[in-house]
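Listed below are the residues making up each chain.
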Amino acid sequence: MKIGVAKEIEVGERRVALIPDAVSRLVKQGCEVWVEAGAGEAAFFSDAAYEAAGATVVADTAKLWNEVDLLLKVKPPQQREDGQHEVNLLREGSVLVGFLDPLGNPALIQQLADRNVTAFSMELIPRISRAQSMDALSSQASVSGYKAVLLAAAASPKFFPMLTTAAGTIPPAKVFVIGAGVAGLQAIATARRLGAVVEAFDIRPAVKEEVQSLGAKFVEVQLDEDTVAAGGYAREVSETAKQRTQAAIAEHVKLSDVVITTAQVPGKRAPLLVTEAMIAQMKPGSVIVDLAAEQGGNCAGTEPGKDINHHGITQIGPINLPSAMPIHASQMYAKNLLTLVQHLSKDGMLQLDFADEITREACVSHDRTVCNARVQELLGTPMQVR
Ligand code: NAD
């Protein structure tokens, strides 16, 4: 099997799908790996490092896309500067793996199906223990949670740790993390390592122990409804629950030096949790980092990609934080892809078994058909049973 690693063309994307270490593992397993020239440059992996790992560096983009059996990417295929759409560079019958944003851009999945490309979307790897090492949503969310705290600390006019010095005693910063999923838990751990006092809230009561085990206080809110959906994700809650949540978190937002929000409900706009009135109550110099900025934001007024300042409060709406740490984000993503490729192949050859849950759930297009029910629904096409 010939595996290709594409150079990402999305503006601001610095990650690469495979790092040299992952390449050498695939080569040892009998795969041929082609890496587009410069693919790892923005993540500090040189063409020479890929060659030393056993890859062939290919300068001709069209040749690479057209000749590989399996193409690995970070971001979805898109329109190129020369007017060509990347989907049309893929060979009919080939396989594509990457973050394909199937629910955000179902039309792209249809395009892939029309091109007869078998596509696997990393967002749809099931959250089961067998698939943990392929779980790229988790690996990249960890990067975001860590980086969010560093952004907050850099923007804060205060120390995070308690300091006892000859110039007086400085109390520790108070950090409030809303949403204690993968990114939130990493944010809690990072803020604790910097010495802050941390509180956290999530509508899934099961995370209470995890929050406490990281040395943070869990803010409890009594919600009289089921807040957990399939796969351990949160579900969208009722209007009453939203109001109750907002009332309960208002006091904690007001007293915090830093608020980091990470709350998401898959396939929905991110819930609005921190209102304008709450932000107005915060102390001047406080910082908000809204990790849900790209999904609509958890805080009123968040603007994706911008740092805004009102009444002395800095509100940061970061975009694509994993790309800001491209070495480790790529290393973790490459490990996720490596495990998935091993899962999809045998003796260096692709062998797709759709009876397997991971293969079936992650596949969005196969045999000229969009094969994910939610994507089909969004496209308005009737359900096709494979
Ligand atoms: P996510 O990014 O979809 O959401 C982040 C967090 O926001 C979640 O913890 C969610 O409960 C929370 N949230 C949603 N609405 C909220 C609201 N109104 N108020 C406060 N918080 C709200 O989730 P994620 O971090 O990708 O994963 C969530 C969970 O999925 C994990 O904590 C875990 O239980 C499960 N998971 C399982 C595996 C596995 O078993 N392999 C892997 C990863 C995640």
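Residues numbered from 1 in each chain as written. Predicted model: local features only at pLDDT ≥ 70, side-chain atom pairs only at ≥ 80, totals over all residues. Heavy atoms only, no water.

Asker: Help me understand the overall build of the protein in this model?
Answerer: Along the protein, the regular secondary structure elements total 12 helices and 19 strands. The C-alpha atoms of the protein give 22 Å as radius of gyration, which agrees with the globular expectation for 386 residues (21 Å, within 12%). Reported as C-alpha extents along the three principal axes, the dimensions of the protein are approximately 65 × 50 × 40 Å. For the protein, buried positions account for 51% of its 386 residues. When contacts within the protein are restricted to residue pairs at least 6 apart in sequence, long-range pairs at least 24 apart make up 66% of them. Working note: accessible area of the protein is about 17,200 Å², and carbon and sulfur atoms make up 51% of it. With 36 positive and 44 negative side-chain charges, the protein shows a separation of 4 Å between the mean positions of the two kinds. (Helix = DSSP H or I, 4+ residues; strand = E, 2+ residues; numbered from the N terminus. Rg over C-alpha atoms; globule rule 2.2 N^0.38 Å. Buried < 20%, exposed > 50% of the residue type's maximum accessible area, 1.4 Å probe, protein only. Contact = heavy atoms within 4.5 Å. Areas by Shrake-Rupley, 256 points an atom, 1.4 Å probe, with all protein chains shown as cover. Lys, Arg positive; Asp, Glu negative; His and termini not counted. Charge placed at Lys NZ, Arg CZ, Asp CG, Glu CD.)

Asker: What should I look at first to understand the domain arrangement of the protein in this one?
Answerer: Reports of interface size often rely on the accessible area that becomes lost once the parts have come together. Each domain of the protein was delimited in the assignment, giving domain 1 (2-134 + 326-379) and domain 2 (143-319). Put simply, the middle of domain 1 and the middle of domain 2, counted by C-alpha atoms, are 33 Å apart. Facing 4 residues of domain 1, the contacting portion of domain 2 comprises 5 residues. Around 350 Å² of area is buried between domain 1 and domain 2 when both sides are counted, 62% of it from carbon and sulfur atoms. Its largest share of buried area at the contact with domain 2, domain 1 owes to Leu103, Arg127 and Ala329, together 78% of the area lost on that side. (Domains from an automatic or database assignment. Buried area = accessible area lost by both parts, 1.4 Å probe.)

Asker: What should I look at first to understand the site of the ligand in this one?
Answerer: With respect to spatial proximity, 23 residues lie near the ligand, and among them Arg127, Gly181, Val182, Asp202 and Arg204 are the closest. In the model, an oxygen atom of the ligand is placed 3.1 Å from a nitrogen or oxygen of the Gly181 main chain. Here the shell around the ligand is built from residues that sort into 11 nonpolar, 8 polar and 4 charged. Two domains each put at least three residues into the shell around the ligand: domain 1 (2-134 + 326-379) and domain 2 (143-319). (Near = heavy atom within 4 Å. Polar contact = N/O pair within 3.5 Å; in protein donor to acceptor, adjacent residues only side chain to side chain. Nonpolar A, V, L, I, M, F, W, Y, C, P; charged D, E, K, R; others polar.)

Asker: Explanation requested: helix H5 (residues 136-155) in the structure shown.
Answerer: Along an α-helix, residues three or four apart share an orientation, since each turn contains 3.6 residues. Its 20 residues place the ends of H5 28 Å apart at the C-alpha level, agreeing with the 28 Å of an ideal helix rising 1.5 Å per residue. For H5, the complete set of buried residues consists of Ala136, Ser138, Ser139, Gln140, Ala141, Ser142, Val143, Ser144, Gly145, Ala148, Val149 and Ala152. The inward-facing, buried residues of H5 abut helix H6 (182-193), strand E12 (258-261), strand E13 (287-290) and helix H10 (326-344). (Expected span 1.5 Å × (residues − 1).)

Asker: How should I be thinking about the sheet that holds strand E3 (residues 56-58) in this particular structure?
Answerer: The strands making up a sheet are joined through hydrogen bonds of the backbone, oriented either antiparallel or parallel. As summarised here, the arrangement of the 8 strands in space is E3-E2-E1-E4-E5-E6-E18-E19, forming an open sheet in which the pairing is mixed. Where the open sheet ends on each side, the last strands, each with one partner, are E3 and strand E19 (369-370). (Pairing = 2+ DSSP bridges.)

Asker: Sorry, what's going on with the environment of Pro271 here?
Answerer: Checked against the element boundaries, Pro271 lands in the loop between E12 and helix H9 (276-280). Sequence spacing of Pro271 and Lys242 is 29 residues, and the spatial spacing of their C-alpha atoms is 8.6 Å.

Asker: Any chance you could explain H10 here in plain terms?
Answerer: Taking 1.5 Å per residue, 19 residues should reach 27 Å; H10 reaches 26 Å between its end C-alpha atoms and fits that length. Burial in H10 covers these residues: Pro326, Ala329, Ser330, Tyr333, Ala334, Asn336, Leu337, Leu338, Thr339, Leu340, Val341 and Leu344.

Asker: When you look at the sheet that holds E12 in this model, what are you seeing that I'm missing?
Answerer: Across the sheet, which stays open at both edges, the 7 strands sit in the order E11-E10-E9-E12-E13-E15-E14 with mixed pairing between neighbours. In this open sheet, the two strands that pair with only one neighbour each are strand E11 (217-218) and strand E14 (307-310). Contacts between helix H8 (residues 239-255) and the sheet are confined to strand E9 (174-178), strand E10 (197-201), E11 and E12, with E9 contributing the most and set at about 155° to the helix. (Axes fitted to C-alpha atoms, helices over the stretch in contact; angles between N-to-C directions.)

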